[in-house]
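# Report on the structure
What follows is the residue order along each chain.
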Amino acid sequence: MSRWLRKLNAEQKRAVRHVNGPLLVLAGAGSGKTRVITHRVAYLIEQGVAPDNILAVTFTNKAAGEMRERLRQMIGEHADNVTMSTFHALGLMMLKTEAAQKKRRSRFSIFDTGDQLACLREITGRVHLDRSFDLGSVLARISAMKTSFVPPDACDTDSADPYDQAAELLYPLYAEALEAFAAVDFDDLVCKPTLMMEHSADCRARWADRFRYLLVDEYQDTNTAQLRMLKALCPHQNICVVGDDDQSIYGWRGAEVRNILEFDKHFPGAKTVFLLNNYRSTQPILRVANMVIAENKDRHEKALQPVRNDDGRVSLRVFPDADSEASWLGKFLFETIKSERYQADQIAVLYRSNTVHKALEPVLREHGIDYRVLGGTALFERKEVKDVIAYLRLTSNPADEISLRRVINVPARGIGPKTVSRLADYAEQHGLSLYKALKQAAIALGASDRALGPIGDFLTLLDDGRRQLRAGGQVGHQAQAFIEKTGLRAEIERTTPSAKIVERRLGNIGALLRGLVSYADRASKPSLGEYLNLISLATADEDADGAKDKRITLSTLHGCKGLEFPLVVIVGLEDGLLPHDRTLNPQANDHMTTGIDEERRLFYVGITRAMDELIITRAATRAVRGRVQERPASRFLCSIPEELITVDDLTAAPSMDQVRSMLSSLRDQWGAEGASLGPDKERQAEGDRRQQA
DNA sequence: TTCAGCAGGATTTTT
DNA sequence: TCCTGCTGAA
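A brief structural summary.

Definitions and cut-offs
- Residues numbered from 1 in each chain as written.
- Chains lettered and ligands numbered in written order.
- Predicted model: local features only at pLDDT ≥ 70, side-chain atom pairs only at ≥ 80, totals over all residues.
- Heavy atoms only, no water.
- Helix = DSSP H or I, 4+ residues; strand = E, 2+ residues; numbered from the N terminus.
- Expected span 1.5 Å × (residues − 1).
- Buried < 20%, exposed > 50% of the residue type's maximum accessible area, 1.4 Å probe, protein only.
- Contact = heavy atoms within 4.5 Å.
- Polar contact = N/O pair within 3.5 Å; in protein donor to acceptor, adjacent residues only side chain to side chain.
- Pairing = 2+ DSSP bridges.
- Axes fitted to C-alpha atoms, helices over the stretch in contact; angles between N-to-C directions.
- Salt bridge = Lys/Arg side-chain N within 4 Å of Asp/Glu carboxyl O.
- Core = buried A, V, L, I, M, F, W, Y, C linked by side-chain atoms within 4.5 Å.
- Right-handed = clockwise from strand over helix to strand, strands pointing away.

So, on to helix α14 (residues 322–338). Because an α-helix packs 3.6 residues into every turn, residues spaced three or four apart end up facing the same way. For α14, built from 17 residues, the straight-helix expectation of 24 Å at 1.5 Å per residue is met to within 8% by its first-to-last C-alpha distance of 24 Å. Of all the positions in α14, only A322, E325, A326, W328, L329, G330, F332, L333 and T336 are classed as buried. In this fold, the buried residues of α14 make contact with β11 (314–321), β12 (347–351), α15 (354–366), β14 (552–556), β15 (565–570) and β16 (610–624). You can read the cap of α14 off the contacts: a side-chain oxygen lies 3.1 Å from the backbone nitrogen of D323, and it is on D321. Downstream of α14 by one or two residues, E340 has phi in the positive range, about 60°.

Here six strands make up an open sheet; going across it, the order is β3-β2-β6-β7-β1-β8 and the pairing parallel. Edge positions in the sheet fall to β3 (83–86) and β8 (271–275), since each has one partner strand and no second. Each neighbouring strand pair of the sheet contributes to a mean axis angle of 15°, computed without reference to strand direction. Across three bridges, the pairing between strand β6 (residues 213–216) and strand β7 (residues 239–243) is parallel.

Under the counting rule described, the total for this entry stands at 47 salt bridges. For K561, the salt bridge goes to D221, with nearest N and O atoms at 2.5 Å. Residue K561 is located in the loop between β14 and β15, and its partner D221 is located in the loop between β6 and α10 (224–233); the two are separated by 340 residues in the primary sequence. When sorted by exposure, K561 lands in the same class as D221, which is buried. A salt bridge links D612 to R308; its shortest N-O distance comes to 2.7 Å. Of this pair, D612 sits in strand β16 while R308 sits in the loop between β10 (305–306) and β11, and the two are 304 residues apart along the sequence. A relative accessible area of 24% means that D612 is categorised as partly exposed. When salt bridges that share partners are traced, they join K33, D217, E218, D221 and K561 into one network.

This part is about the side chain of S31. As for its position among the elements, S31 is in the loop between β1 (23–27) and α2 (33–46). Looking at S31, the relative accessible area reads 2%, which means it is buried. Among the polar contacts made by the side chain of S31, one reaches the main-chain carbonyl oxygen of G28 at a distance of 2.7 Å. Contacts of S31, omitting those with residues within four sequence positions, involve Q12, L275, N277 and Y279.

For soluble globular proteins, the rule of thumb is that nonpolar side chains tend to be buried together. Core analysis: the largest hydrophobic core is formed by 49 residues, its most contacted members being Y391 and I455. Once you skip the residues sitting within four places of it in the chain, Y391 turns out to touch V407, V410, P411, R413, F458, L461, L462, F482, I483, T486 and L488. L24, L90, L95 and M229 belong to the second largest nonpolar core, which has 40 residues in total.

Time to look at the pairing of strand β2 (residues 54–58). Burial analysis of β2 places five of its five residues in the buried class, which makes it a mostly covered element. Pairing of β2 with β6 involves four bridges; the strand directions are parallel. Across the sheet, L55 pairs through a bridge with L214, a residue of β6. Relative to β3, β2 runs parallel, the two sharing four bridges. Looking across to β3, one finds that V57 is bridged to S85. The parallel pair β2 and β3 is bridged by helix α3 (residues 61–75), and the resulting crossover is right-handed.

These values are about where atoms sit, not about what they do.
Here's what the structure looks like:
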């Protein structure tokens, strides 16, 4: 038997041993999913498949990196020849490769959501669209059209929805703008390579030949475009996808659960393997998880099987208000860590929305509990960092008008909106880029315009920067010198009120530039453009400080996917928070209505993070936007049978335990029969409390 | 052009 | 309650 099969259970073996043809692995939480993927790659190589014929696709760089590391431990440097990549990095690589093939230039900016919105804002100003539109909503619709491969000139909805109409109006203009700015957005990174393959049999054959075996992780999170990309990539049908429909929580971003529910429709003859043995959690936790998720209708019917047979508690604590919830949590965590029942890094506090963690932080600080917050604003999305990136992008791609507009007057140099709009008009009339119009500012604005001086200085700054950065040599240090010349540092020091924040902002910029230096040291042919593209695809800050230290983890339910902790606390189990109010009462302009099932899956994901102990909390009242509200218990709590969970209700009514101890002391005093409520009444009392909750 | 003050809006966020 | 983006005065 292959050495890679030995340590696997029967189902895992089946998944690993299946070599040719489509395979769907439904891997429940904690069922050894990553293990199966890495072992499968090792097995394929052992069976004679060349490592560079294998492609493993994930959603985050972090996941790709971890997988590569595990594989390296198994098979050594062969691992480096396996392509492990995110969908977007793969798309970028394909675009660059194809451009090189056709000897075309391949310098372009990658627009993130902020850039996309800036772009839409610019266009809506130009076409005088009502400014009250929520552009995020419009963008979601455009993105949906792009991922469904609707060409920009062919969209005509009969929809009466003003947002649909706005999207229809803006989509072609947006597409044109990206073209003109030499920019692509995240959707393009998937759609463009797919169209390339679909339009050219030659191109398709090249890639199918390069990647003969495909593995896809987190398949439940793929969208329609990604499915189509996968189909184009594998005419040979050697595709193995791994995922769990019950953990699909990105529907609101266009992820299509149907991709995993209907896998064999897209890849006929697919074999399915269920991995349901859960190695992570205790039985009571898994029973709760199974009860909760069983309420969902549209899913692959399955239940996690516990492998562990030890006990572990699930409890619910109800507080009169959010403050007492927070202060209890602070005290509880402090005592838990102090008693060494759990180490700090074995504990996670999970919540639906970021507003909750803001309430928690002061209490944790008060008790001196160190914590790390997962998610949050990524380094590359910080304002000051985006400004620096915009300057750097301009040296590599002057057509990038969004970056140009972003920094043309940052720091303020006397080129105001009026001037910019006159230049933009001139550019449009003469079919020029905004950058070219700046070069002709004397004609565009008239020779005596007072903006001419600043514009000249600005152009000199950019052109000098470009020349230096193109000259080769130490990209990192040249970039540093260039950024220094832009005056951004002085601007930050001048406009930021507190010295502490100044330090943080400059630190962020420093981190970006240090990243560039270390990239330049590593890369064989470092270029600024490549670095900029890379960081556009980079995941939110991995623990920058690196060290695995003893801190508890705070995370949204979205952010905790793929992690596990001995002790998990899920806070705020209230209707309106989980399920979230926005799901219960969708807003008129919401494009994606993902429904209550996705909220339940979110709860399920949270539950299944817990290994030994799970605590759920809720508050009977909570301040929302400064207003104190009554908060009903989350409807999801109803699917948990009473015998599976210990309830400790600290609101007005005494807890059952308290009632029992009161009763027993009464019994002791006056004898058994007189004081007992009797079992029926007891149950009634319990029911009342649930009702109340 | 710039800056201060106010109105309005406020989930989740792998790339 | 807190942050972002726009309006109006200097």
